[in-house]
Amino acid sequence: MDFQLSDDQRALRSGMRDLLGAVFDRDRLRAAVERGGGVDRGLWRELGAAGFFALRLPEEAGGVGLGLPEAVLLFEEAGRALLPGPLVATHLAAGLVKGAAEGEAVVTAAEGGGLPVADLGCADAVLVAGGVLAGEELAAFVAGARPVRSMDPLTSLHRVEGRSAGAGASEAYPGALRGEGALLTAAEQLGSAARTTEMAVQHAGAREQFGSLIGSFQAVKHLCADMLARTEPARSAVYAAAVTGDPVEIAAAKLLADDAAVRNARDCLQIHGGMGFTWEADVHLHLKRAWLRAARWLTAAEAEEILAAGLGPVRPLYGGSAALG
């Protein structure tokens, strides 16, 4: 089988990168940071018009009629651009919540397990265990929420007591919905990991210390090489899981992508030195978002349990009881 991207898939990815470069460039990113995040409704509608949310809906339902392999390419680009908002939940809600496919509605998710709900203040609907909250139910849900401090300045968080707080993550999102959410989040992490690798290499090729480019120093070379060595296996895992849809492969993809996004952002910050810690640099935004995504849809501990269960029952290495000797 040929697992290389087709010409159509490459064009789809390139088109989304061009679109995000036009509607969410660095100036708009920094403007979103300064206003404290939130969803830009105009941008949301532009994404809807481009088919971002309706990508996997059948054409007869007003969608594009593509699949998970194409969806992960778009979410990878969203991760590169640090696009804010509940992208995964709104994408999953297309066809379930009126206006979600077109970008007219913003849909977030209450994942349970005591996790705060992201972007609740601007949501028109919330995915919860067993269904969707909207209208009066949503109003009551929001009334019981309290804002909590978010590490990511582009993502507001609310903690809700009661209905969502008592549900475990596996109860909130059984089966395919939870797996797809985890995979699309992994694709965002992959995009962030690739972008921080590029940022690190660009900085290492321009910054001079002691009369030499820092990219010529062996320690910096090793950091950049390690970043690439984390990104590419994560890419293979995400793309493969998108083809198979296998829960074990999705768990592996989420585990690898989370690790790549977090560790690459840390190494990128290290390569940038003191300026990497400043508010004006974008490196810290990738790190904070990576931390936040790592706790969403499928945590490392949950992914490891799925992978362990997929190994099957443990059998003893030796049939006898005699000690080696």
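In the block above lies the structure referred to throughout.
Since the model is a prediction, treat every value here as computed from it, not as a measurement.

1. Things to note about the overall build of the chain
Here is step 1 of the chain: For the chain, the helix and strand inventory stands at 12 helices and 8 strands.
Here is step 2 of the chain: For the chain, whose C-alpha radius of gyration is 21 Å, the value lies close to the compact-globule estimate of 20 Å for 325 residues.
Here is step 3 of the chain: Its C-alpha atoms give the chain principal-axis dimensions of about 65 × 60 × 45 Å.
Here is step 4 of the chain: Scored against the burial criterion, the 325 residues of the chain give a buried share of 49%.
Here is step 5 of the chain: Considering only contacts within the chain whose residues lie at least 6 apart along the sequence, 68% involve residues at least 24 apart.
Here is step 6 of the chain: Summed over its atoms, the accessible surface of the chain is roughly 15,400 Å², and 56% of this surface lies on carbon and sulfur atoms.
Here is step 7 of the chain: Computing the positive centroid from 30 side-chain charges and the negative centroid from 40, the chain places the two 6 Å apart.

2. Here we look at helix α2 (residues 26-34)
Here is step 1 of the chain: Listing the buried residues of α2 in full gives Leu29, Arg30, Ala32 and Val33. When α2 is viewed along its axis, its buried side chains cluster within an angular range of 155° and face the same direction. Facing away from the buried side of α2, by more than 90 degrees, are the exposed residues Asp27 and Glu34.
Here is step 2 of the chain: Buried residues along α2 sit in contact with α11 (283-294).
Here is step 3 of the chain: Backbone geometry just downstream of α2 places Gly36 in the positive-phi region, at approximately 85°.

3. Examining the packing of aromatic side chains
Here is step 1 of the chain: All chains considered together, the criterion is met by 3 aromatic pairs.
Here is step 2 of the chain: Ring plane angle 35° and centroid distance 5.1 Å describe the contact between Trp44 and Phe53, whose orientation is recorded as tilted.
Here is step 3 of the chain: What makes Phe53 buried here is its relative accessible area of 1%.
Here is step 4 of the chain: Taken together, the aromatic side chains of Trp44, Phe52, Phe53 and Phe75 make up a single cluster linked through ring pairs.

4. Some words on the sheet that holds strand β3 (residues 125-128)
Here is step 1 of the chain: Reading across from one edge, β1-β3-β4 is the order of the 3 strands in this open sheet, with mixed pairing throughout. The outermost strands of the open sheet, each flanked by one partner alone, are β1 (107-109) and β4 (131-133). Strand after strand, the sheet turns through a mean of 30° between neighbouring axes, direction not considered.
Here is step 2 of the chain: Bridge count between β1 and β3: 3 bridges; the pairing is parallel. Directly across from Thr108, in β3, lies its bridge partner Val126.
Here is step 3 of the chain: In the packing of helix α6 (residues 135-143) onto the sheet, contacts are made with β3 and β4, and the angle to β4 comes to roughly 75°.

Rules and cut-offs
Residues numbered from 1 in each chain as written. Predicted model: local features only at pLDDT ≥ 70, side-chain atom pairs only at ≥ 80, totals over all residues. Heavy atoms only, no water. Helix = DSSP H or I, 4+ residues; strand = E, 2+ residues; numbered from the N terminus. Rg over C-alpha atoms; globule rule 2.2 N^0.38 Å. Buried < 20%, exposed > 50% of the residue type's maximum accessible area, 1.4 Å probe, protein only. Contact = heavy atoms within 4.5 Å. Areas by Shrake-Rupley, 256 points an atom, 1.4 Å probe, with all protein chains shown as cover. Lys, Arg positive; Asp, Glu negative; His and termini not counted. Charge placed at Lys NZ, Arg CZ, Asp CG, Glu CD. Arc of directions from axis to C-beta. Phe/Tyr/Trp six-rings, centres within 6.5 Å; stacked < 30°, edge-to-face > 60°. Pairing = 2+ DSSP bridges. Axes fitted to C-alpha atoms, helices over the stretch in contact; angles between N-to-C directions.

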